[in-house]
Amino acid sequence: MEKKLKTLVLLDGNALIHRAYHALPPLTTKKGEVVHAVYGFTLTLLSVLEKFKPDYIAASFDLAGPTFRHKQFADYKATRAKAPDDLYAQIPRVKELTRAFNIPIYEQEGFEADDCVGTLARQAEAQDTRVIIVTGDSDELQLVTPLVNVFMLRKGIKDIVLYDEKAVEEKYGFTAAQIPDYKGLAGDASDNIPGVTGVGVKTATDLLKTFGTLENIYAQLPEVKESVRKKLETDRENAFLSKELGTIHKEAPVTLDLLACVS
């Protein structure tokens, strides 16, 4: 008889705050404090607890300041508009609420919440624990494995899809593990990751279906049609930099304590 695995839910705090902030109309307390992102985050949390009844739960948040990606590429996320002040003002309240639920918070200077989530997911897998990542950030679909699913808020806080390996392939036409390779080729405008100039969604997807990885594409460049080959040759450095920038780091300096995460 197959052993039933326990489940850890990982909340991508900042992604959920942003999603809730933009999905709901402004709400204020009697004292005039804006709280609609806090309210939306709470609705999502309660829904997740009811739906999955996890054995463990933890959250991760971004910290202020540059990350290791900014050191690699100064223009990382440079084109992204600054979030409104009243969104930032709600983050401490969300953290307060998270702690009130006895949910441990994992965060680390120089790393994004994504990296902490990716690291915790891998550590949980190593302990034979199923993982459900709750986020509104499609970057985290690269973390999907047989043991890791992503519960993705697509629009607002009610349009939600649970992604397993098959669902990721259906969405992109390639595997979860190939998402960083895709970013190396096509870039990612939302994070200002350049990719290869002139290589778009279709070309990147076709290349990955044929060669598998960015490294294999460059190892077999003579087999790539000339018009695309020239673009790849010209932007080789950007391609590998973009793949690195688009890869969620799974060895951030955080250590999962499952006992502290009991829900």
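Up top you'll find the structure we're talking about.
Everything quoted here is computed from the prediction, not taken from an experiment.

**Q** Which parts of the structure should I look at to understand the overall build of the chain?
**A** Scanning the chain from terminus to terminus reveals 12 helices and six strands. In terms of overall dimensions, the chain has C-alpha extents of about 65 × 55 × 35 Å along its principal axes. Looking at the chain, you have 33 positive and 38 negative side-chain charges, and the mean spots of the two groups are 5 Å apart.

**Q** I tried to follow a nonpolar patch on the surface on my own but got confused; where do I start?
**A** Residues Leu27, Tyr39 and Leu43 make up a contiguous nonpolar surface patch of about 250 Å² in total accessible area. With respect to the element layout, Tyr39 can be found in helix H2 (residues 36-52). Look at Tyr39 and you get partly exposed, because its relative accessible area is 43%.

**Q** Which parts of the structure should I look at to understand the state of the cysteines?
**A** Disulfides are covalent bonds that connect the sulfur atoms of two cysteines. Overall, the coordinates contain zero disulfides when judged by the stated rule. Cys116 takes part in no disulfide bond, and the closest cysteine sulfur to it belongs to Cys261, at a distance of 13 Å. Judged by relative accessible area, which is 0%, Cys116 ranks as buried. For Cys261, a relative accessible area of 0% corresponds to the buried category.

**Q** Explanation requested: helix H5 (residues 91-100) in the structure shown.
**A** An α-helix turns once every 3.6 residues. As a result, residues three or four positions apart point the same way. All buried positions along H5 are accounted for by Ile91, Val94, Lys95, Leu97 and Thr98. Angularly, the buried residues of H5 cover 160 degrees about the axis, an arc narrow enough to put them on a single face. Exposed residues lying more than 90 degrees from the buried face of H5 are Pro92 and Ala100. Backbone geometry just after H5 places Asn102 at a positive phi near 60 degrees.

Criteria and thresholds
- Residues numbered from 1 in each chain as written.
- Predicted model: local features only at pLDDT ≥ 70, side-chain atom pairs only at ≥ 80, totals over all residues.
- Heavy atoms only, no water.
- Helix = DSSP H or I, 4+ residues; strand = E, 2+ residues; numbered from the N terminus.
- Lys, Arg positive; Asp, Glu negative; His and termini not counted.
- Charge placed at Lys NZ, Arg CZ, Asp CG, Glu CD.
- Patch = residues over 30% accessible without salt bridge, like charges linked within 9 Å, V, L, I, M, F, W, Y side chains within 5 Å.
- Areas by Shrake-Rupley, 256 points an atom, 1.4 Å probe, with all protein chains shown as cover.
- Salt bridge = Lys/Arg side-chain N within 4 Å of Asp/Glu carboxyl O.
- Buried < 20%, exposed > 50% of the residue type's maximum accessible area, 1.4 Å probe, protein only.
- Disulfide = S-S within 2.5 Å.
- Arc of directions from axis to C-beta.

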